[in-house]
Amino acid sequence: MSNAAEEQIKRFSTMDDNIPARDRIIAWPRMGRIDIPLKALLTNLGAKIVIPPANSNEALEIGVKNSIEGICLPYKLNLANYIMALNAGANTLMMFQAPGSCRLGNYTKMAQKTLKTLGYEFDMVIFDMYRNKMIQTLHAFWHVTRCLNPWKYYKAFSLGFTKFFAIDCAEKMLLYYRPREINKGDAERCYEKWLKIIDDCNSVFLSKFLCSRIKNDFKKIPTDKKKNVPVIYLLGEFFVLLDPYTNQHIEKELGDMGVEVRRQIMFSGWLEHVLKPSLFYKKESHRERAVRNASKYMKRAIGGECIETIGDTVYAAKNGIDGVIHLMPFSCMPEIVSQNILSKVSREENIPVLSLVLDEQTGKAGYITRIEAFIDLVKRRKLKKR
Ligand code: SF4
């Protein structure tokens, strides 16, 4: 047996087997709407779950109180999600560790230690994305559910994955239609309606049609075809991009200002990149495109989404995008590096870039004022070009 395989078995065996599968109540950190597909996945394997409340000021307060000051904002919210879930009866916490040379690799160990110090009893199940991702993922789900029924796995994974893609599809449509709608709120209502339908769908067959039905429904929204809508790429750290509370609902703010947002990091894209073997990629992945475009400024990835931020900014400039907004949590190591390189990229590629740093001290008024000033600049620049 190879060393890697032996190590893998050792890692599996460190999971706590004291909690029988029938007594497990599973929870995971909140980030945008990942609760919808994860709920489908776990409940179809027969698991009991607790979904902690969506991120809020209350969660932030709990996270800040129990974390060291300098740690990044996503950790504080993840920790608060765990505490709230444990208080609601959870006894099994799920978290993934992904490749990259930033603090994400330490999140689980730090959270485990803090929660034990606070007196909580639980089992932490880690999806290690460093190697054998598919085996790790299947093993983690088997470990918490002890389900051995292949049909249940097929149903759970099919539903989970199609729901991830359907949510991203609805989000993309919302981002396109919000700045163009004639009746304010139409796109938002359509999006909320579809989130509910996606959540309620429990048929593998019907779930395959979700995306096309969502697109057709959004197309019925009356829009102003002549409106001059600037297009902005939204880039930066994964968590702050995907969690609307953490980014202070920036996509909605920009949409209401008449700007189309094209977020470059979508959960389904990331999932595909992480879980799908590169052998099955028919076209260049987002990551590969970013690495290719960033090569003038950066020779290798240094963790987080740093190389995507640089590569996507270059790509935006080459493709006539009007501007880039870069989001980063305070003290995020990879994004501090990209923030410093971005000023050069902006100058050399001739594209306006605004970097916004987010933490628990970020005030809404100042944040919005900076975005408004940037959008004014982008709009004037666009007019001048025309
Ligand atoms: S990418 Fe940045 S914010 Fe995210 S875990 Fe790493 S250091 Fe923290």
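Per chain, residue numbering runs from 1 following the sequence as it is written. Owing to the predicted nature of the model, reporting of local features is limited to residues with pLDDT of at least 70; listing and counting of side-chain atom pairs is limited to 80 or more, with chain, interface and lining totals taken over all residues.

(A) Up close: the pairing of strand S7 (residues 323-329). A large share of S7 lies buried, amounting to seven of its seven residues. Neither face of S7 is open: one carries Gly 323, Ile 325, Leu 327 and Pro 329, the other Val 324, His 326 and Met 328, and all of them are buried. Here the rule is simple: two strands pair whenever DSSP picks up at least two bridges between them. Helix and strand definitions here come from DSSP, where helices need a minimum of 4 consecutive H or I residues and strands a minimum of 2 consecutive E residues; each element is numbered from the N-terminal end. With five bridges connecting them, strand S5 (residues 231-236) and S7 associate as parallel partners. Pairing of Tyr 233 across the sheet is with Val 324, part of S7. Sheet topology places S7 next to strand S8 (residues 353-358); six bridges connect them, and they run parallel. The partner of Leu 327 across the bridge, within S8, is Leu 356. Orienting the strands away from the viewer, one traces the path from the first strand over the helix to the second; a clockwise path indicates a right-handed crossover. For the segment spanning S7, helix H16 (residues 333-349) and S8, crossover handedness is right-handed. Buried, partly exposed and exposed are defined by the number of other C-beta atoms within 10 Å of a residue's own C-beta, namely 20 or more, between the two limits, and 12 or fewer respectively, with C-beta atoms placed from the backbone.

(B) Structural context of the sheet that holds strand S4 (residues 123-128). Pairing within the open sheet is parallel, and its four strands lie in the order S2-S1-S3-S4. The sheet is open, and its two borders are formed by strand S2 (48-49) and S4, each paired with just one other strand. In this sheet, S4 lies alongside strand S3 (residues 92-97) in parallel orientation, the contact comprising six bridges. If you follow Met 94 over to S4, its bridge partner there is Val 125.

(C) Structural detail: unusual backbone geometry. Of note in this structure, Arg 146 is not a glycine but carries a positive phi near 55°. Among the structural elements, Arg 146 can be located in the loop between helix H6 (133-145) and helix H7 (150-177). Overall, Arg 146 belongs to the partly exposed group, with 14 C-beta atoms counted inside 10 Å. Positioned with a positive phi, His 249 is a non-glycine residue whose angle comes to about 55°.

(D) How the structure looks around H16. Here H16 contains 17 residues, and its C-alpha end-to-end distance of 24 Å stays within 8% of the 24 Å for a straight helix at 1.5 Å per residue. Throughout, the bend at a residue refers to the angle made by two axes, fitted to the seven residues ending there and to the seven starting there. Of all the bends in H16, the greatest measures close to 30° and is centred on Ile 341. Within H16 the residues assigned to the buried category are Pro 334, Glu 335, Ser 338, Leu 342 and Val 345. By the criterion used throughout, residues are in contact when their C-beta atoms, derived from the backbone, lie within 7 Å. In this structure, the buried residues of H16 make contact with S5, helix H15 (306-318), S7 and S8. In the segment just after H16, Asn 350 is the residue with positive phi, at about 60°. Expected span, for any helix, means 1.5 Å times one less than how many residues it has.

(E) Structural view of the domain arrangement of the chain. Where each domain begins and ends is defined by an automated method or by a domain database. Per the domain assignment, the segments making up the chain are domain 1 (14-146), domain 2 (160-177 + 181-225) and domain 3 (227-386). Inter-centroid distance (C-alpha atoms) of domain 1 to domain 2 is 28 Å. Under the grouping applied here, Gly and all other residues not named as nonpolar or charged are polar, the nonpolar ones being Ala, Val, Leu, Ile, Met, Phe, Trp, Tyr, Cys and Pro and the charged ones Asp, Glu, Lys and Arg. Residues of the side of domain 1 that touches domain 2, tallied by class, amount to five nonpolar, no polar and one charged.

(F) Structural detail: helix H2 (residues 35-44). Looking at H2, one finds that the buried residues are Ile 36, Pro 37, Ala 40, Leu 41, Leu 42 and Asn 44. Those residues of H2 that are buried lie in contact with strand S1 (25-27), S2, H7 and helix H8 (186-200). Gly 46 lies just past H2 and shows a positive phi near 90°.

(G) Region of interest: the site of the ligand. Using a C-beta atom placed from the backbone for every residue, we mark a residue as near a molecule or strand if that atom lies within 6 Å of it. Taken together, 13 residues are adjacent to the ligand, and Cys 72, Cys 102, Leu 104, Gly 304 and Cys 332 come closest. Per element, the largest residue contribution to the shell around the ligand is three residues, and it comes from H16. By residue class, the composition of the shell around the ligand is nine nonpolar, one polar and three charged.

(H) Region of the structure containing the sheet that holds strand S6 (residues 260-263). Spatially, S6-S5-S7-S8 is the arrangement adopted by the four strands of the open sheet, whose pairing is parallel. Each edge of the sheet is formed by a strand with only one pairing partner; in this case those strands are S6 and S8. Strand-to-strand twist of the sheet, defined as the mean angle between neighbouring strand axes without regard to direction, takes the value 25°. Lines fitted to C-alpha atoms define the axes, with helix axes restricted to the stretch in contact, and inter-axis angles between N-to-C directions lie between 0 and 180 degrees.

(I) Structural context of the packing of H7 against helix H10 (residues 210-218). Running from amino to carboxyl end, H7 crosses H10 at an angle of 15°, the nearest separation of the two axes being 9 Å. If you check the angle between H7 and H10, you find them roughly parallel. H7 and H10 meet at a crossing whose hand is right-handed. In contact with Thr 162, Phe 165, Ala 166, Cys 169, Ala 170, Met 173 and Tyr 177 of H7, H10 contributes Leu 210, Cys 211, Ile 214, Lys 215 and Phe 218. Across the contact of H7 with H10, the residue classes tally to ten nonpolar, one polar and one charged. Any angle that is under 35 degrees is reported as roughly parallel, and any over 145 degrees as roughly antiparallel; angles of 65 to 115 degrees are reported as roughly perpendicular and all others as oblique. The sense of a crossing depends on the near helix, which, turned anticlockwise from the far helix by less than a right angle, makes the crossing left-handed and, turned clockwise, makes it right-handed.

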